[in-house]
Structure formats: structure tokens, C-alpha cells
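Overview (structure and organization)
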Amino acid sequence: MYFSKRNEDTVYINHYSGLLEVEGEGVLERGDAEVWPEPDEDWASEYDTLSVKDGITGIGEGYLEAFPYIGCLILGRTVERIDASSELCRSFRKNKVLIRGEYDTLAERFADENGLRFLHCDIPLADDDIREHFEHDVITLRFHTRTAPDIHYNCFTPGSSAGSYGGGEYAKKLPRNFFAGCTLEQFADNFPERIRDQLMNNDMLKRFLETANRRLAEKK
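Residues numbered from 1 in each chain as written. Predicted model: local features only at pLDDT ≥ 70, side-chain atom pairs only at ≥ 80, totals over all residues. Heavy atoms only, no water.

Observations regarding the overall build of the chain
For the chain, the count of helices and strands is five helices and 15 strands. In terms of overall dimensions, the chain has a C-alpha envelope of 55 × 50 × 30 Å along the principal axes. When the accessible area of the chain is evaluated, it comes to approximately 12600 Å², of which 47% is carbon and sulfur surface. Between the averaged position of the 27 positive side-chain charges in the chain and that of its 41 negative side-chain charges there is a distance of 8 Å. (Helix = DSSP H or I, 4+ residues; strand = E, 2+ residues; numbered from the N terminus. Areas by Shrake-Rupley, 256 points an atom, 1.4 Å probe, with all protein chains shown as cover. Lys, Arg positive; Asp, Glu negative; His and termini not counted. Charge placed at Lys NZ, Arg CZ, Asp CG, Glu CD.)

Right, here's the structure in full:
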């Protein structure tokens, strides 16, 4: 975890998968890419995916240039402004940077206006506690550029000894147009009753199903 030197409320959460998440509020400025504790000199080269989380409202000029190795930029729905130079946009196109976010947000408009690929962001669905097996599952609806979407389960269970954890991951493939004609209620019917309330109150899932079906109907 790193903190912006300019604004200590801007926090970076780094993942070994190459994902770097940025949390905070307001506009990210160039100086926010200078962090502490002091990282390696070329710390930004370790990450190929930058996720700007909800709460951040804008990205100032020069900020994204501090992360020249990203191949995927994920934008929260609260991001309403990106000050991107023509040089940056050309670089994004050259490097085939993928833009991700929700439909009908700045993420999709930014991709469309700059000739970049767009893919809907993954949707966290629910946390499922299976008490009889002492198991906790984190369930996510994932989208992919080249393969069909899937439901991903990240499972956590007690390990074989004190202080250890077991579990694993698996995914269930979905048809590409799994959402066609599917309401929130019908989607929730595919899952255990114990997580139904989480699904029915999932605003991102609701927005996706409604928008995807509206767009599908407009194509016909």
C-alpha cells in the first residue's frame, strides 16, 4: 500500500497480479503519482492495470503519463473528467489500451471519442457465507475481450493447520448474451436464496442488465 505525497487521502492498493487500485476523493493530479513509503525508482512499471475507484471525480493532465506501462484503465462511475493530451491518446491507441467501466459513463465516452476498445467492468455480485462448510465465497460477474463472460468464485475455507487458509477459485462460463431478456429477479433466481437480497440490491448489476437489454432491443 502506498500514499500520495501530495494528498495522504489518496491511497494506492497494489496487487501481485499487476493491478494497482487508486482510492480517494476529488481530482488526481500529477503530484499524486509520487508516493510514500518510498518505492522502487520505476515502481509504475510493475503494473499493467490501473483502477481508479469510485470517489475520485477527475484525472488531471499529466497524471496518467506517470503510468506508461498500463494496458488497461478501469474508471469508476464517479470519474467525470479526464484531461488527456493528444500525445497520451495517441500512446493509448498505439499500445491498444483497454478502457473499462460501466455503460453510459465517462469511461465508455472516453474510449469511443479516442478510438479505444471498451469493455464493461467486472461486477462484484455477492459474498456468500456457507456456514455448514465454514466457507466464504466472493462472487463476481466477469467480462472478457476474447471469451464469454463468467461467474467467478473466490472461495476461502479454514486451512489444515492453525493460521493457514484453504479454498480456491473456479468459474462458470455464461452465454455471451446471457442478459438477453433477463431481469434482476430472474438473474437472482440462479443463486442460493441466502444471497438473494445482496443481488436484488446490487445497483451496478441492475444498471448493467437494464442497459444491456435496452441496447439489445435497439439493435433489432
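Having seen the structure, we can now continue with the description.
Brief notes about the nonpolar core
With 33 residues, the main nonpolar core has L50, Y63 and F67 as its most contacted residues. Of all the elements in the fold, those that place two or more residues in this core are β3 (19-23), β6 (49-52), β7 (56-59), β8 (72-75), α1 (86-94) and α2 (106-113). A total of four residues in this core trace back to one element, the largest contributor, which is α2. (Core = buried A, V, L, I, M, F, W, Y, C linked by side-chain atoms within 4.5 Å. Buried < 20%, exposed > 50% of the residue type's maximum accessible area, 1.4 Å probe, protein only.)

Looking at the side chain of T211
Take T211: it is sitting in helix α5 (residues 203-219). Within polar-contact distance, the side chain of T211 engages the backbone oxygen of R207 at 2.9 Å. If near-sequence neighbours (up to four positions away) are discounted, T211 is found in contact with Y103 and D104. (Polar contact = N/O pair within 3.5 Å; in protein donor to acceptor, adjacent residues only side chain to side chain. Contact = heavy atoms within 4.5 Å.)

Considerations on α5
The periodicity of an α-helix, 3.6 residues per turn, causes residues three or four places apart in sequence to face the same way. Taking 1.5 Å as the rise per residue, α5 with 17 residues should run 24 Å; its terminal C-alpha atoms sit 24 Å apart, in good agreement. Where α5 is buried, its residues touch β11 (117-120), β12 (123-130), β13 (135-142), α3 (184-188) and α4 (196-200). Between the side-chain oxygen of the N-cap and the backbone nitrogen of M204 there are 3.2 Å, and the N-cap of α5 in question is N202. (Expected span 1.5 Å × (residues − 1).)

Observations regarding the packing of aromatic side chains
Here the distance between the centres and the angle between the planes together describe a pair of aromatic rings. Counted by the stated rule, this structure contains 16 aromatic pairs. An angle of 20 degrees between the planes, with centres 6.0 Å apart, marks the rings of F178 and F208 as stacked. Residue F178 is found in the loop between β15 (165-173) and α3, and its partner F208 is found in helix α5; the two are separated by 30 residues along the sequence. Look at F178 and you get buried, because its relative accessible area is 14%. For the ring pair F187 and F191, a centre distance of 5.4 Å and an interplane angle of 35 degrees mean the geometry is tilted. Judged by its relative accessible area of 12%, F191 falls in the buried class. (Phe/Tyr/Trp six-rings, centres within 6.5 Å; stacked < 30°, edge-to-face > 60°.)

Some thoughts on the environment of L216
Note on placement: L216 falls in helix α5. Along the backbone, L216 and G181 are 35 residues apart, and their C-alpha atoms lie at a distance of 9.2 Å.

What to know about the pairing of strand β10 (residues 98-101)
The side chains of a regular strand alternate between both faces of the sheet. What you see with β10 is no split at all: L98 and R100 on one side and I99 and G101 on the other are buried throughout. The sheet contact formed by β8 and β10 spans three bridges and is parallel. Note that in β10 the partner of C72 across the bridge is L98. Pairing geometry for β10 and β11, over four bridges, is parallel. From the neighbouring strand, L98 faces β11, where its bridge partner is R117. Regarding topology, α2 serves as the crossover connection from β10 to the parallel β11, and that connection is right-handed. (Pairing = 2+ DSSP bridges. Right-handed = clockwise from strand over helix to strand, strands pointing away.)

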